[in-house]
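# Inside the fold
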Amino acid sequence: MTFDLAVVTALTHKGNDDKERNLADARAWVREAASRGAKLVLLPEGFPGLWQEPVDWTPVEALCDIAKESGVYLVGGFAEPLDEAGSRCYNSLVLIGPDGVEVGRYRRTTPAHAPWLHRQGGNLGGYDWTNATDLPVFDTELGKIGLLVCSEVYATELARILAVKGAELILMPTGHVSPGNLSDTIGSGYGGSLYETWKTLVWARAIENLAYTAVCTNLSVEGGKGLSRVCSPEEIVLDEQEGGIHIATIDLDRVRWLRNRQDAFSDDGETFKVKPGLLRDWRRQAVFDANPELAKATPEITN
């Protein structure tokens, strides 16, 4: 089973009066991606949602219309308000089907104390947010999809839980990750210093979980550079810094083959560039004892 995934690194307008601009851009990106054959489109963190309080609107209804219009699966991001004041929010992603119906949503779960990031205002976002606790996996016509947000790529257990629950593709849209120094636009010292390690972690999550991983980022300035990356367990499929739409082919048959093959030296001519069978052959009871959430998940893997 193969299909094309489009990741969009997009200029993001941060004012609450910019929502129509972001929606128009999202619609244009999705239309173009669909015209180029993409069956699934990934938008960056918080896009096309609001970044400043009060958050009194979410783009979910509009994204449903956009997905249905183009006939694609679509993932978009937004601040999801928890109260009428619109300052306390979940940092959410929504997955929508090609019929325009919401498949489900993921609300960022870590860190448990909620980060400093969105309390600073300006280009980093001006709302306070709380963490959720659920790590859902969504069963779709394009396989099993898991969602994480931005720096959750650093939390190895999150991607592992999704993989053990069956996720074959883990989408991790991010905020601002750039090869340059963005201190003049989004905050002192943030951006370039993390770029190379971030790229490494995206592939590492794919390798250790025998899953595809994908990221894309927001851009704060016209013509800026970001991170669009898609990785399989065996190779970096796509790696781009430029803004815009980037398309990669996802081969779930290969992921399923790797997950089901026993980890052993090949004596039948089969070759692979990663340890097969990792989700089955390389787990110890101590891991389950230390992580009850992981223990609840049952991988769909056969001998």
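Right above here is the structure, for reference.
A brief report on the enclosed structure follows. The model shown is predicted, which means the values in this text are computed figures rather than measured ones. (Residues numbered from 1 in each chain as written. Predicted model: local features only at pLDDT ≥ 70, side-chain atom pairs only at ≥ 80, totals over all residues. Heavy atoms only, no water.)

Pairing is mixed across the open sheet formed by six strands, whose spatial order is 7-8-9-10-12-13. Edge positions in the sheet fall to strand 7 (137–140) and strand 13 (236–242), since each of these pairs with one other strand and no more. Adjacent strand axes in the sheet meet at a mean angle of 20 degrees, parallel and antiparallel pairs treated alike. Pairing geometry for strand 8 (residues 143–147) and strand 9 (residues 169–171), over three bridges, is parallel. When the bridges of strand 9 are listed, L147 appears paired with L171. (Pairing = 2+ DSSP bridges. Helix = DSSP H or I, 4+ residues; strand = E, 2+ residues; numbered from the N terminus. Axes fitted to C-alpha atoms, helices over the stretch in contact; angles between N-to-C directions.)

In the segment running from E53 into P54, the intervening peptide bond is cis, with an omega of 0 degrees. Here P54 is to be found in the loop between strand 2 (40–42) and helix 2 (60–70). Omega for the bond connecting T110 with P111 falls within 30 degrees of zero, at -10 degrees, which places this linkage in the cis form. Structurally, P111 is set in the loop between strand 5 (102–107) and strand 6 (128–129).

Next up on the list: the side chain of E45. Here E45 lies in the loop between strand 2 and helix 2. For E45, the side chain forms a polar contact with the main-chain nitrogen of G175, separated by 2.8 Å. Apart from the residues lying within four places of it in its own chain, the contact partners of E45 are W51, N91, H118, V149, C150, P173, T174, G175 and N218. (Polar contact = N/O pair within 3.5 Å; in protein donor to acceptor, adjacent residues only side chain to side chain. Contact = heavy atoms within 4.5 Å.)

Right, let's get into the pairing of strand 1 (residues 2–11). For strand 1, the buried fraction is high: eight of the ten residues fall into the buried class. The pairing of strand 1 with strand 14 (residues 244–251) spans eight bridges and is classified as antiparallel. Bridged to D4 within strand 14 is T249. Note: strand 1 against strand 2, three bridges, orientation parallel. Its bridge partner lying in strand 2, V7 is registered against L42. Note on the crossover from strand 1 through helix 1 (residues 19–35) to strand 2: the handedness is right-handed. Strand direction decides the pairing type here: strand 1 and strand 11 (residues 218–219), joined by two bridges, are parallel. Bridge pairing in strand 11 links L11 to L219. (Buried < 20%, exposed > 50% of the residue type's maximum accessible area, 1.4 Å probe, protein only. Right-handed = clockwise from strand over helix to strand, strands pointing away.)

Moving on to the side chain of D263. Considering the arrangement of structural elements, one finds D263 in the loop between helix 6 (252–260) and helix 7 (278–281). Within the structure, D263 has its side chain in polar contact with the side chain of W282 (distance 2.8 Å). Apart from the residues lying within four places of it in its own chain, the contact partners of D263 are K275, P276, R280, D281 and W282.

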